[in-house]
Amino acid sequence: MIPSDLPILFEQQRDPTANRMAAFGAENPDDRKAFMARWDRLLKTPGVTARTIEVAGDVAGHILCADETISYWVGKPWWGHGVATGALAALLDEIDVRPLQARVAKDNFASLKVLEHAGFHTRGQDKAFAPGRGEEVEEYVMVLEPAVAARAS
């Protein structure tokens, strides 16, 4: 991820439909100062892996792993085109940390499908305040376990 990607990512997070779908975005998606401060902190934190998702040279979103938790955001023009699935697969090839966790609103079926396709399974359920909806929502806690080596017989 490079700093010049951040203004594009900021504009993507301002989309009301995307915020509702993601549910757990920024408290105030229009607060550029808070957005930039968050990313400045993330990009300086050891152990955080953050990548820009690009499609044909365009910034399509971001994906990151922080504190053994995966999160991602894909701009609306790229929804339904396998962009999140591909980005998650690439990140999982890059990082060795397992188990990994992800949280997803129960009604965010597209994100749930992305996580399941990558091998995540539901570990539990929770409720949390979702700034993108202004209310508490039910979520799945998803986990990707370490691969178990096959035993020779």
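First things first, this report covers the structure right here in the doc. (Residues numbered from 1 in each chain as written. Predicted model: local features only at pLDDT ≥ 70, side-chain atom pairs only at ≥ 80, totals over all residues. Heavy atoms only, no water.)

## Some remarks on the overall build of the chain
How we decide: In this text, helices come from DSSP runs of H or I with a minimum length of four residues, and strands from runs of E with a minimum of two, each type numbered from the N-terminal end. The globule rule used for comparison is 2.2 Å times the number of residues to the exponent 0.38, while the radius of gyration itself is calculated over C-alpha atoms. Here a residue-residue contact requires only that any non-hydrogen atoms of the pair lie within 4.5 Å. Computed with the Shrake-Rupley method and a 1.4 Å probe, the accessible areas treat only the protein chains shown as cover for residues. For the purpose of counting charges, residues Lys and Arg are taken to be positive, whereas Asp and Glu are taken to be negative. His and the chain ends are not included. For this purpose, a charge sits on NZ of Lys, CZ of Arg, CG of Asp or CD of Glu.
Looking only at helices and strands, the chain has 5 helices and 6 strands in total. In the chain, the order of α-helices and β-strands from amino to carboxyl end is α-α-α-β-β-β-α-β-α-β-β. Scaling as 2.2 N^0.38, a compact globule of 153 residues should have a C-alpha radius of gyration of about 15 Å, and the chain matches this with 16 Å. Counting only C-alpha atoms and orienting by the principal axes, one finds that the chain spans roughly 60 × 35 × 30 Å. A separation threshold of at least 6 residues defines the contact pool for the chain, and within that pool the share at least 24 residues apart is 55%. As presented, the chain carries roughly 9,000 Å² of accessible surface, and 52% of it is formed by carbon and sulfur atoms. Between the centroid of the 17 positive side chains of the chain and the centroid of its 22 negative side chains there is a distance of 2 Å.

## Looking at the environment of L43
Stated formally: Working definition: with a 1.4 Å probe on protein chains only, accessible area under 20% of the residue-type maximum means buried, over 50% means exposed, and in between means partly exposed.
By secondary structure assignment, the location of L43 is in helix α3 (residues 32-44). A relative accessible area of 37% means that L43 is categorised as partly exposed.

## Things to note about the pattern of salt bridges
The following threshold applies: Any carboxyl oxygen of Asp or Glu that lies within 4 Å of a side-chain nitrogen of Lys or Arg is treated as forming a salt bridge with it.
If you walk through the whole model with that rule in mind, you get 11 salt bridges. Residue K44 pairs with D40 through a salt bridge whose shortest N-O separation is 3.3 Å. In this pair, K44 and D40 are both assigned in helix α3, 4 residues apart and thus about one turn of the helix distant. Looking at D40, the relative accessible area reads 41%, which means it is partly exposed. Taking the shortest distance from any N to any O, the salt bridge between E145 and R123 comes out at 3.2 Å. Of the two residues, E145 sits in the segment after β6 (135-144) while R123 sits in strand β5 (residues 121-130), which places them 22 residues apart along the sequence.

## Describing the nonpolar core
This is how it is decided: Definition used in this section: a nonpolar core is a set of buried Ala, Val, Leu, Ile, Met, Phe, Trp, Tyr and Cys residues joined via side-chain atoms within 4.5 Å.
Counting residues in hydrophobic clusters, the biggest one holds 24 residues, and the most contacted among them are I70, L88, L100, L115 and F120. Going through the elements one at a time, β2 (58-66), β3 (69-74), α4 (83-94), β4 (100-105), α5 (109-117) and β6 are the ones with two or more residues in this core. Per element, the largest residue contribution to this core is 6 residues, and it comes from α4. W39, V48, L64 and A66 belong to the second-largest nonpolar core, a separate cluster that totals 11 residues.

## What about the packing of helix α1 (residues 6-13) against α3?
The angle between the axes and the distance between the axes are what describe a pair of packed helices. As a reminder of what qualifies: Note on definitions: angles span 0 to 180 degrees between N-to-C directions of axes, and those axes are lines fitted to C-alpha atoms, for helices only across the stretch in contact. Any angle that falls under 35 degrees is termed roughly parallel, while one over 145 is termed roughly antiparallel, one within 65 to 115 roughly perpendicular, and all others oblique. Handedness of each helix crossing follows the sense of rotation of the near helix against the far helix: counterclockwise by less than a right angle gives left-handed, clockwise gives right-handed. In this classification, the charged set is Asp, Glu, Lys and Arg, the nonpolar set is Ala, Val, Leu, Ile, Met, Phe, Trp, Tyr, Cys and Pro, and all remaining amino acids, among them Gly, are polar.
Look at α1 against α3: their axes get within 11 Å of each other, and the N-to-C directions meet at 125°. Between α1 and α3, the interaxial angle falls into the category oblique. The two elements α1 and α3 meet at a crossing, and its hand is right-handed. Counted together, L6, P7, L9, F10, E11 and Q13 of α1 and R32, F35, M36 and W39 of α3 form the full contact between these two elements. Of the residues that constitute the contact of α1 with α3, the class distribution is 7 nonpolar, 1 polar and 2 charged.

## Quick notes on the environment of E138
Along the chain, the position of E138 falls in strand β6. The exposure class of E138 is partly exposed, given its relative accessible area of 41%. Each C-alpha atom of the pair E138 and G57 lies 36 Å from the other, and the pair is 81 residues apart in sequence. Discounting chain neighbours no more than four positions away, the residues touching E138 are A105, K106, D126 and K127.

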